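Topology and contacts: notes
As a plain string of letters, each chain reads:
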Amino acid sequence: MGSLFRSAEMTLCQLFLQSEAAYACVSELGELGLVQFRDLNPDVNVFQRKFVNEVRRCDEMERKLRYLEKEIKKDEIPMLDTGENPEAPQPREMIDLEATFEKLENELREVNQNAEALKRNFLELTELKQILRKTQVFFDEGDQVYKSVFIIFFQGDQLKTRVKKICEGFRATLYPCPEAPADRREMAMGVMTRIEDLNTVLGQTQDHRHRVLVAAAKNIKNWFVKVRKIKAIYHTLNLFNLDVTQKCLIAECWVPVLDLENIQLALRRGTERSGSSVPPILNRMDTPEDPPTYNHTNKFTTAFQALYDSYGIASYREMNPTPYTIITFPFLFAIMFGDFGHGTLMALFGVWMVMNEKPLAAKKSDNEIWNIFFGGRYIIMLMGFFSMYTGLIYNDVFAKSLNIFGSSWKVTNVTKDYVLNMQTEHMLDPASTDYVGYPYPFGLDPVWQLSKNKIIFLNSFKMKLSIIIGITHMLFGVAISYFKNMHFNNRLNIICEFIPQVIFLSFLFFYMVILMFIKWFKYFASNDRTYIHLGTRCAPSILITFINMVLNKETPFEDICITSDMYPGQMVIQKILLFCAFVCIPWMLLAKPLMIQRARKAASLHLVNHNQLHSATENGDAEQSIHNNTSQTPVAQGQDEMDEEPMSEIYIHQGIHTIEYVLGSISHTASYLRLWALSLAHAQLSEVLWGMVLNKGLTVEGWAGGVALYIIFAVWGALTISILVLMEGLSAFLHTLRLHWVEFCSKFYSGAGYAFQPFSFEVILDAAGQIKEE
């Protein structure tokens, strides 16, 4: 379970393989896909490595297979894909594969050459047949021909040569033509006979070529897999080192600690397949190098993990935000895309892709947009479901509302024309007698759809909701940084960064959230004068209260209010909170550099004492342990990486980090207002499409109304899917991605690692398939 919330624990291993068993062992590791090999010959030229000849043989076999594939596609012969994943052939089987491919290529080339020669001969005979036919027609004509007489003087065959040159210049073909009609007829009959014979031979040649290609098409997919696996194995073996006896191959590789047993089993299987009696040796090594980052994923979490990998690969053993993003990402998206109807369309599309993922994946489309949608099918499905939920909260279904529980308002003077014509003349006032006194059980009351002050009410509701969710989301990111520092035993960051960050964000911005809840629970609308004497009608502005708190000013209230405080001792508590928040700024700015500087001075003093004690011990002046004073010099936790960094740079970096966090707390809080803005924009655009498009069809009466509604509904549906679902959905997706990358990840995510890239046949074959499609 630990690898779900942070990257898997990795270790560097040294692998010793007997030369006879190396091929089979690497083949088993390629099927397993859990080992990343390091190149132990970085300075050796590619053409000077041990298995370069085997790699060239694989390249030649792959070239022959591509030639066969090209010929198969030319004849539009379907290539059989059984979905099998054959194992890598043994080295001795390479000779059989090479012989098979050589035979097929030579046979196919010979058939193609013969077919080309026959086609050329057939073309020549066809041309000769046409010449004889035209010549016979020319001589058979009895019309009078008027000719001009002229004399040409030449010696020998000069004219004949010149005529031939003219014909060659115009790329004309010369054929003999007998003078006598009988000879021409006899020659034409001979040409027809030869053409018939050529047609027969050509048909037999094409049949033979087709049989060869059909037989090759049945196995070409498996052949490609086998050759690519062989080639990948020899490429990997070229990364190994040979020992002095030339009988053992040495490799270094990164492997997940939890999968060491599976790797050992794979090596044992490879040894048994090769018939070797010497077992492989896998030793763990100590190294100061940072291991690669490997997060276990499945088909559900892969798309969410890709969101953060595109932002930056997490550092080794850093907290992985993917499990939390599975919930927060579609939820923040749904706040901006809250519509039950639009969410249903998106959810149905996602469910369709999930239910048919196997046949859709087997098609392997080269459409990039479709591949993006299909890769994020689980994200789309969850975004649709969450949008359906927030749509019910907003009570918004294609710009209309659902009246499930009945309204909590008694609105008078509402006529049929009032509803159909979307007249918004009624003002809802909670202090009036229209409100019955209890809220709608779930979500918004449907009566707000007919209210004139709907936008004013939704503005306040969604803006406060965005601030509450945004600050909670940021505090959650800061909380994750605590667990990150605890895992790395980095107490210095906890004391000098985490604690002041939590205090600063909580005492200022989370306090504003608390004021919102106080206002909701304490103040309400009423015309009863007894409530006025209690001060309940004097609901203060949260924004003004927060600004005056930062400016250390009292909030002005109306004269009718008895008290100006939302709760007892408000001004005193706000001053204390403001003072504590401002103290956190120099705390974040100076505490960490000063503690590092102090630790370095103590370490240097300890080194001097150590040298003095060592000299005294050598001279016989003292006999005491050097380790007596080691516990007296505390070294700041988590600062090993800063030992070589100058103090001036540490002060500068800490200053930048402090300014970024303080100003970012303000800008990031404001950035979450995009939840409010896009939600209102989506709802208003949906309402515009309803009022200006679909509502036009509902107002037409008679039989013409049915025809008009049919056409207008098609237009409305196309605009809804293209604009509200696709374009607005893409906009909300990008804004949600920004909130996670910037506002959330900046609190704890460094993203300074590099990805674990194991030797895996599956990855290699997928990459080869994508390159071939492109």
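Small disclaimer: the values here were computed from a predicted structure and weren't measured.

Some remarks on the overall build of the protein
Scanning the protein for helices and strands turns up 24 helices and five strands. Across the 774 residues in the protein, those meeting the buried criterion constitute 42%. Sequence-distant contacts in the protein: of pairs separated by 6 or more residues, those separated by 24 or more amount to 84%. Surface accessibility of the protein: about 44,100 Å² in total, with carbon and sulfur atoms responsible for 60%.

A word on the packing of helix α3 (residues 52-74) against helix α6 (residues 181-217)
Between α3 and α6, the shortest axis-to-axis distance is 10 Å and the interhelical angle comes to 115°. Crossing angle aside, the handedness with which α3 passes α6 is left-handed. Residue-level inspection shows Leu-68, Glu-71, Ile-72 and Lys-74 of α3 in contact with α6, the latter providing Arg-209, Leu-213, Ala-216 and Ala-217. Residue composition of the contact of α3 with α6, by class: five nonpolar, no polar and three charged.

Description of unusual backbone geometry
The phi dihedral of Glu-76 falls on the positive side, at around 55°, and the residue is not glycine. Here the phi dihedral of Phe-398 falls at roughly 55°; this positive angle occurs in a residue that is not glycine. Position of Phe-398 among the secondary structure elements: in the loop between α14 (377-394) and α15 (416-420). Relative accessible area serves as the criterion here: at 21%, Phe-398 is assigned to the partly exposed category.

A few points about the confidence of the model for the protein
Overall, the predicted model of the protein reaches an average pLDDT of 83, with 84% of residues at or above 70. In this model, residues 527-536 is a region of pLDDT below 50 whose contacts with residues beyond four sequence positions or in other chains number 14 contacts. For the stretch residues 620-642, pLDDT sits under 50, and the model shows 33 contacts to residues farther than four places along the chain or on other chains.

Details of the pairing of strand β1 (residues 10-18)
Note that β1 and strand β4 (residues 248-256) share nine bridges and pair antiparallel. By the bridge assignment, Gln-14 is partnered in β4 with Glu-252. Where β1 lies against strand β5 (residues 281-285), five bridges are found, and the strand directions are antiparallel. Bridged to Gln-14 within β5 is Asn-283.

Quick look at the environment of Phe-483
Here Phe-483 shows up in helix α16 (residues 454-487). Excluding anything up to four places from it in sequence, Phe-483 contacts Arg-6 and Met-319.

A short note on the packing of aromatic side chains
This structure, assessed with the given rule, holds 37 aromatic pairs. An angle of 35° between the planes, with centres 5.6 Å apart, marks the rings of Phe-713 and Trp-716 as tilted. Pair noted here: Phe-713 and Trp-716 are both in helix α23 (residues 703-744), with a separation of three residues, about one helical turn. For Phe-713, a relative accessible area of 48% gives the class partly exposed. With relative accessibility at 8%, the residue Trp-716 sits in the buried group. By the ring-pair criterion, three or more aromatic residues cluster together here, those being Phe-5, Tyr-308, Tyr-311, Tyr-324, Phe-476, Trp-741, Phe-744, Phe-748 and Tyr-749. The aromatic ring of Tyr-67 is capped on one face by Arg-109, whose charged end is 4.1 Å from the ring centroid.

Section: the environment of Phe-340
Position of Phe-340 among the secondary structure elements: in helix α11 (residues 340-355). Sequence separation between Phe-340 and Gly-391 is 51 residues; the distance between their C-alpha atoms is 4.2 Å. Not counting chain neighbours up to four residues away, the residues in contact with Phe-340 comprise Ser-387, Met-388, Gly-391, Leu-392, Asp-396 and Val-397.

As for a nonpolar patch on the surface
Taken together, the side chains of Leu-345, Phe-349, Trp-352, Ile-369, Phe-373, Ile-721, Leu-726 and Met-727 define a hydrophobic patch exposed on the protein surface, amounting to about 760 Å² of accessible area. Only α11, α13 (368-375) and α23 provide two or more residues apiece to the nonpolar patch. With respect to the secondary-structure elements, Met-727 resides in helix α23.

Each value, and the rule that gives it
Each chain carries its own residue numbering, running from 1 in the written order of its sequence. pLDDT decides what is reported in this predicted model: residues at 70 or higher carry local features, side-chain atom pairs at 80 or more are listed and counted, and totals for whole chains, interfaces and linings draw on all residues regardless. Values shown for side chains rest on all heavy atoms present in the structure; no hydrogens or waters enter the calculation. Labels follow the DSSP assignment, with helices taken as runs of H or I lasting at least four residues and strands as runs of E lasting at least two, numbered in each case from the N terminus. The cut-offs for exposure are 20% and 50% of the maximum accessible area for each residue type, with area from a 1.4 Å probe on protein chains only; residues under the lower value are buried, those over the upper are exposed, and the others partly exposed. We call two residues in contact whenever any of their non-hydrogen atoms come within 4.5 Å of each other. Areas reported here follow the Shrake-Rupley algorithm with a probe of radius 1.4 Å; residue values treat only the protein chains shown as occluding. Comment: axis = line fitted to C-alpha atoms, over the contacting stretch for helices; angle = value between 0 and 180 degrees taken between N-to-C directions. Here a crossing is taken to be left-handed if its near helix is turned anticlockwise relative to the far helix by less than a right angle, and right-handed if that turn runs clockwise. Gly counts as polar in this scheme, as do all residues outside two lists: the nonpolar Ala, Val, Leu, Ile, Met, Phe, Trp, Tyr, Cys and Pro, and the charged Asp, Glu, Lys and Arg. What pLDDT reports is the predictor's confidence in each residue, on a scale of 0 through 100. Paired strands, as defined in this entry, are two strands with at least two bridges between them according to DSSP. In this analysis, rings of Phe, Tyr and Trp, with Trp reduced to its six-membered ring, are considered paired at centre separations within 6.5 Å, and the interplanar angle assigns stacked below 30 degrees, edge-to-face beyond 60, and tilted for intermediate values. Any Lys NZ or Arg CZ found within 6 Å of a ring centre and within 35 degrees of that ring's normal is scored as a charge over the ring. Nonpolar side chains (Val, Leu, Ile, Met, Phe, Trp, Tyr) within 5 Å and like charges within 9 Å form the patches, drawn only from residues with over 30% relative accessible area and no salt bridge. By definition, a salt bridge exists where a carboxyl oxygen of Asp or Glu is found within 4 Å of a side-chain nitrogen of Lys or Arg.

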